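# Close look at the chain arrangement
Each chain, letter by letter, is given below.
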Amino acid sequence: MQELQRKRCIEYAEHISELCDISVSVLDVQQKQFIYNSRPNLCRECKFEKCSGVNTHLYGSNEAYRWNGQYIYYCPLGLVYASASVVDESGRLEAGLIAGPMIVGDPQDTLSELPEPSMAEVVSSLPVETTAYVRHLAAILSASAAYVVGLPNSRAMGFVYEQEKILNSIYEARDKLLSQGETVYPIEYEKRLHNLICTHDKVGAQQLLNELIGHIYCASNFDLHT
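We now turn to the structure provided with this report. (Residues numbered from 1 in each chain as written. Predicted model: local features only at pLDDT ≥ 70, side-chain atom pairs only at ≥ 80, totals over all residues. Heavy atoms only, no water.)

## Considering the environment of alanine 139
Here alanine 139 lies in helix 6 (residues 131–149). You can call alanine 139 partly exposed: its relative accessible area is 36%. Along the sequence, alanine 139 and serine 83 sit 56 residues apart, while their C-alpha atoms lie 9.3 Å from each other. (Helix = DSSP H or I, 4+ residues; strand = E, 2+ residues; numbered from the N terminus. Buried < 20%, exposed > 50% of the residue type's maximum accessible area, 1.4 Å probe, protein only.)

Here it is, written out as structure tokens:
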């Protein structure tokens, strides 16, 4: 993660933590470690052996990346977190802004279902919030994450292929190949793609790349693992 991006993440984690009176952390996804915690990190105190620790929050950050920048999830203790994905200028996931843990709903329900009774005292001291609060918090995290990279999240995510367009290209390629009764790899697509890249035609290159992926998928008998 670049130094400016790192500083902005920490800065806005502090702002949100103070404003919302909740713990906010910065997780470096590439290094797989927390680089900032506004308050003591509960995960380091967790005694639940089945908890995967940082992997739980890597999951939350990656899901936020998949779901347009924000995600709400539970840890193995049943506590709630909100996360937002921080990307670089190329659209690669760099970090996660993570708020929590919180209790959502009746605290007694959470405590009664706690899989690690020795954590009851710590858990009982956590903030109790509503689902609406957590949803608003996730939106604020996402907006802050967009500022960190200097791009609105929708623009940043534009660098990632849109699944619907890829699937449509795959279906079109499949129908065309099945109607022809043979599978021929379209080498001319690579030449056209090279020309589009050289002329900086990003929209045309992405569209053609989607079609090329569809042909590759069909040529592999719809199994990219073979």
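## A look at the pairing of strand 3 (residues 70–74)
As paired strands, strand 3 and strand 4 (residues 80–87) are joined by five bridges and run antiparallel to one another. In the sheet register, isoleucine 72 faces strand 4, and the bridge partner there is alanine 82. The loop that links strand 3 with its antiparallel partner strand 4 comprises five residues; one of these, glycine 78, has a positive phi angle of about 90°. (Pairing = 2+ DSSP bridges.)

## As for helix 3 (residues 54–66)
For the α-helix, the turn length of 3.6 residues means that residues three or four positions removed from each other point alike. Between its first and last C-alpha, helix 3 extends 18 Å over 13 residues, near the 18 Å set by a 1.5 Å rise per residue. Inspection of helix 3 places Thr56, His57, Leu58, Gly60, Ser61, Glu63, Ala64 and Tyr65 among the buried residues, and these make up the whole buried set. Asparagine 68 sits one or two residues past helix 3 and shows a positive phi near 60°. (Expected span 1.5 Å × (residues − 1).)

## Topic: the nonpolar core
If you look at the biggest cluster of nonpolar residues, it comprises 23 residues, and the most contacted ones within it are Val24, Val26, Val86, Leu97, Leu137 and Leu141. Put simply, the parts of the chain that give this core at least two residues each are helix 1 (3–20), strand 1 (24–28), strand 2 (33–37), strand 4, strand 5 (93–104) and helix 6. For this core, the leading source of residues is helix 6, giving six residues. In contact with valine 26, not counting residues within four places along its chain, are Cys9, Ile10, Ala13, Gln33, Phe34, Ile35, Tyr36, Gly96 and Leu97. Counting residues in each nonpolar core, the second largest holds 22 residues, with Phe34, Leu42, Cys51 and Leu114 among its members. (Core = buried A, V, L, I, M, F, W, Y, C linked by side-chain atoms within 4.5 Å. Contact = heavy atoms within 4.5 Å.)

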